[in-house]
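Spelled out, the chains give:
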Amino acid sequence: MLEQKEVKKEERVLPPLPNVESWGVVVTRFAPNPDFPIHLGNARAAILSYEYAKMYKGKFVLRFEDTDPRIKRPLTFSYKVVEDDLAWLGIKWDEEYIQSLRMETFYEIAKKLIEMNYAYVDLCKAEVFREYRNAGKACPHRNQDPAQNMELFEKILAGEFREGEAVIRLKTDLSHPDPSVRDWVMMRIVDVERYPHPIVGDRYRLWPTYNFAAAVDDHLMGVTHILRGKEHAVNTVKQLFLYKYLGWRYPEVVHFGRVGLEGLILSKSWIKTRLKEHPERFMGFDDIRFATIAALRRRGILPETIREVIISLGLSPTDARVSWANIAAINRKNADPIAKRLFVVCKPVKVIISGVELPKEVEIPYHPSKDLGKRRIVLTKPEVYVSEYDVQKLASGSVVRLMELFNIEVKQIDRNVVTAVYHSSDLETARRLSAPIIQWVPCENNTRIELVSADGMRLRRTLCIGESSIALLRKDEIIQMVRIGFGRVDEKKKNRVRIILAHE
RNA sequence: GCCGCGGUAGUAUAGCCCGGUCAAGUAUGCGGGCCUUUCGAGCCCGUGACCCGGGUUCAAAUCCCGGCCGCGGCACCA
């Protein structure tokens, strides 16, 4: 009865997916490489895929594409972090696969393609093949018959070839305008003695490439709709050959543009190398200057905010640079009803007040309209801290209201101390005098705060003082620091609480 | 260089396939007001865009051609 207004204006809905009728069901997937925790761009594919599966009451599959033990080496902890990130985003998957555990399947399909004479073992050196390919000519190994190829394939499995000495290629179209499409590599040998795979170690030496593994698995897992970034556009062309040979129906594909997040770093490889070179300069893979999901979470961005941002971008093929102001606006709306409001003063300046009766105690609700409980502030000495920012705007003789407490009249402003005298208690007087209303913190009984914020690539740490109830907050709690902004409790130490500023 | 995909307000997005209802909607930003013990939230008002040039048509953001610009791909990476 009371809260009918919750309906709000209808949320933006995703456009329909193509050809749903003819497939009968919708199965989508998110297929990350566990070489690093996921970022906003990856999350876009994950969220959209999940949302569509949900919209059509279909299935959503999580598949780790960890078939490169050497160049994009999977990190053991990433599998778990990716799962955690997805779960945090509110994504639930119906099935989960790890490609490095499906090697026998890839071998089977590869053999099948060899038998059908659609694939061959290429013994050319990479540079030699490239010359044939650029000329649009067949390399000599292309004409081997299936029996010869099968024999070579078995030899590779038996370990008779080393990394770089042989690859399995799919026969495509030697005159295709994009040379990379011509007889692309399905499988290659990796020196797993040197580069053991984090999950299967050195058990396999012949590894499928992305295009082969993804193509096979999408079909085998019944995927009907693939949603991915436009950097994958050629891969569709490549994989189409394989589907045609095997008589499979290729899933519907939607390619969307890249996402950028204003002021933050998305690139996995950039983050990885910097983190490796200068670990001391960063707070980890969830450093708040990165656009990893872990970083956004650490910063106090709510999962619902990320979901809304991604859905609002839709399926547009154009690149999008999401502005931080936009994220902040959405997050503010989402955090506002659940965030406790507390007093924090940065660059504190002491105010000595005369003419007050002590001790004085005030009880203030954590939220003006939601029931989030109350907290107490006790004043035992006639001294409070206010922020330098507010002091700068004061003049001797001006009246200012200490929020929820009383009004004071400023007498004198020295460099580090303001002296004031009690003026009145009620809010109406403050209003009538147009007195500024500012937050404050008692000089006794308070909590030291390290406020961390990101200013472009610069990390800013500010020492602030907050009311004592801040020490009672849970780690990870999202709060609103009155007149400063929203933040998240990052760490609680004995004598200090670290809060990360999300946004104003 | 070659191949592919795009270009709607400061930012993002809807509309484009199936031309008129689009003197272009929405969100955010910005300006102003109301409300409020926050410079927050909410409510109200305002601001501001179809890349350029041709063509087709009674009619083009929407269709065609050319140009310009941006992005992606061109791996024994994913």
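Every chain is numbered on its own, with residues counted from 1 as its sequence reads. Chains and ligands are labelled sequentially in the order written, the chains with letters from A and the ligands with numbers from 1. Totals for whole chains, interfaces and linings use all residues, but because this is a predicted model, local features are given only for residues with pLDDT of at least 70 and pairs of side-chain atoms are given and counted only at 80 or more. The side-chain values count all of the structure's non-hydrogen atoms but skip hydrogen atoms and water molecules.

(A) Examining the sheet that holds strand β17 (residues 383-387) more closely. Here a strand pair is declared whenever DSSP counts at least two bridges between the two strands. By definition, any uninterrupted DSSP run of H or I lasting at least four residues is a helix, any uninterrupted run of E lasting at least two residues is a strand, and each is numbered from the N terminus. Overall, mixed pairing links the seven strands, which are arranged β21-β18-β19-β20-β14-β17-β22 in an open sheet. Looking at the sheet topology across the chains shown, the edges are occupied by β21 (437-438) and β22 (441-442). The pairing of strand β18 (residues 399-402) with β21 spans two bridges and is classified as parallel. Within β21, the residue paired with Arg401 across the bridge is Ile437.

(B) Just the pattern of salt bridges, in detail. Every case where a carboxyl oxygen of Asp or Glu lies within 4 Å of a side-chain nitrogen of Lys or Arg is listed as a salt bridge. This model, assessed by the stated rule, comprises 43 salt bridges. A salt bridge links Lys111 to Glu154; its shortest N-O distance comes to 3.7 Å. Taken as a pair, Lys111 in helix α4 (residues 103-115) and Glu154 in helix α6 (residues 146-157) lie far apart in primary sequence, 43 residues in all. Buried residues are those whose accessible area, probed at 1.4 Å on protein chains only, stays under 20% of the maximum for their type, while exposed residues exceed 50% and partly exposed ones sit between those limits. Here Glu154 falls in the partly exposed class, since its relative accessible area comes to 37%. With a shortest N-O distance of 2.9 Å, Glu361 and Arg376 are connected by a salt bridge. Highlighted residues: Glu361 in strand β15 (residues 360-365) and Arg376 in strand β16 (residues 374-379), separated in sequence by 15 residues. Given the relative accessible area of 47%, Glu361 is considered partly exposed.

(C) Representation of the side chain of Arg289. By secondary structure assignment, the location of Arg289 is in the loop between α9 (268-277) and α10 (293-299). In this structure Arg289 comes out as buried when scored by relative accessible area, which is 6%. Here a polar contact is recorded for every N or O atom pair within 3.5 Å, except that within protein the pair must consist of a potential hydrogen donor and a potential acceptor, and residues adjacent in sequence are included only if both atoms are side-chain atoms. Of the polar contacts made by the side chain of Arg289, one reaches the backbone oxygen of Arg281; its length is 2.9 Å. Residue contacts follow a heavy-atom distance rule, with two residues in contact if any of their heavy atoms lie within 4.5 Å. Residues within four places of Arg289 in sequence aside, it is in contact with Leu264, Ile265, Arg281, Phe282, Ala454, Gly456, Met457, Arg458 and Leu459.

(D) View of the pairing of strand β6 (residues 185-189). Bridge count for strand β5 (residues 167-170) against β6 is three bridges, and the pairing is antiparallel. Considered in β6, the bridge of Val167 is made with Arg188. As judged from the three bridges shared by β6 and strand β7 (residues 206-208), these two strands associate in the antiparallel manner. Along β7, the bridge assignment pairs Arg188 with Trp207.

(E) Geometry of the protein's contact with RNA strand B. Put simply, a residue is near a molecule or strand once any heavy atom of it comes within 4 Å of that molecule or strand. Residues in contact with RNA strand B amount to 52 residues; listed here are only the nearest, Lys72, Arg188, Arg341, Arg431 and Arg483. Counting only the atoms of RNA strand B that lie within 4 Å of the protein, the sugar and phosphate share comes to 65%. Between RNA strand B and Asp319 there is a distance of 2.5 Å, counted from a sugar or linking oxygen to a side-chain nitrogen or oxygen. Between a base nitrogen of RNA strand B and a side-chain N or O atom of Arg401, the distance comes to 3.3 Å. For the surface near RNA strand B, the secondary structure elements donating two or more residues are α5 (126-134), β6, α8 (233-246), α11 (303-313), β11 (320-322), α12 (324-335), α13 (388-391) and α14 (427-432). Considering each element in turn, the surface near RNA strand B owes the most residues, four residues, to α12. Side-chain classes are defined by residue name, with Ala, Val, Leu, Ile, Met, Phe, Trp, Tyr, Cys and Pro counting as nonpolar, Asp, Glu, Lys and Arg as charged, and the others, Gly among them, as polar. Here the surface near RNA strand B is built from residues that sort into 17 nonpolar, 13 polar and 22 charged.

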